[in-house]
Amino acid sequence: MENSKFQNEQFFFAKTKTIKQMSIRKLLLTIYFWLIASIATLAALLFTIINFILRQDYSHDTITYAIEKIMAPMIYYSMVYPGFWKVHFVNLYVNKQNKPQIIASNHNSMVDTLFIALLNCQKTYSYNYKYRFVPIFGQLCMLAGYIGIQTSNPEQKSKVVDQISKKMKEGYSMMIYPEGSRNKNPGSLLSRENVKTGAFRVALETNYPITPVYIDKSHVIMNRHGIIDVGTVIIYILESYHVENVRHGQEKFVEQMNLMIRKSNDFDENIEKYMKI
């Protein structure tokens, strides 16, 4: 009996020590990440300013270059090279297409856009309009011509669809999160009600394909509060499809996302069972 009590106490103290170590790790990683992110954002801004002074070039493409080729890689490699994050890209359909497409991704973390930025195609972005107030980053988004969406303003929907359609006809792919905002319950299945119609209305109007992207476990490496942790993320670029109507577009997207979510959840369950053996 005393031996059992002693073992329970040992387990409790070991668990408490592990939790403290995890908390310290997350704290240090969070400070490190946001420091790197701030430096990378300033580097992108500096590039934009120097380019403007020397070449009088302040086009949207130049600012997008600063974001995608300077800021995003600086952040990405600062987390990947030291081994904090492991990131895998699977089935790069995006790289095989030269025509504009609508890159429609699930959305579990702020860091999702970092991975989308690394996809090798000419693209522009939609973003939540409230982020225009984020110092430097918000201003870069506006200068780059990214399309701000006011999710609380239904009257703006048709105007945004027109803006996106116009941009795509100029040869740009468009990055959109059909869920509209970050999923509060990562790992839960989607329904058609969870998915906005905008991406599919654009696809119908422009006749460009939807390219679904499923980002797995991004909420593990950055939670909703911006806290950073170690982990592995897999970005699946799925096969493109053309939209027959808005409902078809939504249902197809939900079907593909739920297939990937089930696979991810099954994998997690099998890992848990294996760890208990």
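As the structure is a computational prediction, the values presented were derived from the model and not from experiment.

Caption draft 1: Region of the structure containing the environment of Glu-251. Structurally, Glu-251 can be placed in helix H8 (residues 246-276). Overall, Glu-251 belongs to the partly exposed group, its relative accessible area being 37%. In the structure, Glu-251 is positioned 59 residues away from Arg-192 in sequence and 6.2 Å away in space, judged by C-alpha atoms. Reaching out from Glu-251, the side chain makes a polar contact with the side chain of Arg-247 at a distance of 2.9 Å.

Caption draft 2: Focus on the packing of aromatic side chains. Evaluation of the coordinates by the stated rule reveals eleven aromatic pairs. Relative to Phe-115, the ring of Tyr-76 lies with its centre 6.5 Å away and its plane at 85 degrees, an arrangement referred to as edge-to-face. Separated by 39 residues along the polypeptide, Tyr-76 in helix H2 (residues 60-80) and Phe-115 in helix H3 (residues 112-117) bring together distant segments of the chain. Using a relative accessible area of 9% as the deciding quantity, one classes Tyr-76 as buried. Residue Phe-115 is classed as buried on the basis of its relative accessible area, which comes to 0%. A connected cluster of aromatic rings, assembled from ring pairs, spans Phe-33, Trp-34, Tyr-76, Tyr-77, Tyr-81, Trp-85 and Phe-115. Stacked on the ring of Tyr-172, the Lys or Arg Lys-167 has its end atom at 4.8 Å from the ring centre.

Caption draft 3: Structural view of the confidence of the model for the protein. On average, residues of the protein score 83 in pLDDT, and 83% of them reach the 70 mark or higher. Predicted confidence in the protein is weakest over helix H1 (residues 2-55), with a mean pLDDT of 75, and strongest over helix H7 (residues 218-221), with 95. Counting interchain partners and residues more than four positions distant, the pLDDT-below-50 stretch residues 5-15 has zero contacts.

Caption draft 4: The arrangement of helix H6 (residues 198-206) in detail. Those residues of H6 that sit buried are Ala-199, Phe-200, Val-202, Ala-203 and Thr-206. Across the axial projection of H6, the buried residues extend over an arc of 155 degrees, all falling on one side. Looking at the residues trailing H6, positive phi occurs at Asn-207, about 65 degrees.

Caption draft 5: Quick peek at the nonpolar core. Phe-33, Trp-85, Leu-114, Phe-115, Ile-116 and Ile-235 are the most contacted members of the largest nonpolar core, which has 39 residues in total. Those elements that place two or more of their residues in this core are H1, H2, strand E1 (85-90), H3, strand E3 (123-128), helix H4 (137-143), strand E6 (210-216) and strand E7 (231-237). For Leu-114, the contacting residues outside a window of four places in its chain are Ala-72, Ile-75, Tyr-76 and Trp-85.

Caption draft 6: Expanded view of the environment of Leu-42. On the secondary structure map, Leu-42 appears in helix H1. A residue is classified by how much of its surface remains accessible, and Leu-42, at 47% relative accessible area, is partly exposed.

Caption draft 7: Structural context of the pairing of E7. Burial along E7 is one-sided: Gly-231, Val-233, Ile-235 and Ile-237 are buried, while Thr-232, Ile-234 and Tyr-236, pointing the other way, are not. Looking at chain direction, E1 and E7 are connected through six bridges and run parallel. Counterpart to Val-87 in the pairing with E7 is Val-233. In terms of strand pairing, E6 meets E7 through four bridges, oriented antiparallel. In the sheet register, Asp-216 faces E7, and the bridge partner there is Ile-234.

Caption draft 8: Layout of the sheet that holds E6. Read across the sheet, seven strands follow the order E1-E7-E6-E2-E5-E3-E4 without closing on themselves; strand pairing throughout is mixed. A strand with exactly one partner marks an edge of an open sheet, and here the two such strands are E1 and strand E4 (147-149). Taken over all neighbouring pairs, the strand axes of this sheet differ in orientation by 20 degrees on average, direction set aside. Two strands pair when backbone bridges link them, and strand E2 (residues 102-105) and E6 are joined in this way by four bridges, in the parallel orientation. Across the sheet, residue Ile-102 finds its bridge partner in E6, namely Ile-210. With respect to the sheet, H2 is in contact with E1 and E3, its orientation differing from that of E1 by roughly 125 degrees.

The rules behind each value
- Residues numbered from 1 in each chain as written.
- Predicted model: local features only at pLDDT ≥ 70, side-chain atom pairs only at ≥ 80, totals over all residues.
- Heavy atoms only, no water.
- Helix = DSSP H or I, 4+ residues; strand = E, 2+ residues; numbered from the N terminus.
- Buried < 20%, exposed > 50% of the residue type's maximum accessible area, 1.4 Å probe, protein only.
- Polar contact = N/O pair within 3.5 Å; in protein donor to acceptor, adjacent residues only side chain to side chain.
- Phe/Tyr/Trp six-rings, centres within 6.5 Å; stacked < 30°, edge-to-face > 60°.
- Lys NZ or Arg CZ within 6 Å of the ring centre and 35° of its normal.
- pLDDT = per-residue confidence, 0-100.
- Contact = heavy atoms within 4.5 Å.
- Arc of directions from axis to C-beta.
- Core = buried A, V, L, I, M, F, W, Y, C linked by side-chain atoms within 4.5 Å.
- Pairing = 2+ DSSP bridges.
- Axes fitted to C-alpha atoms, helices over the stretch in contact; angles between N-to-C directions.

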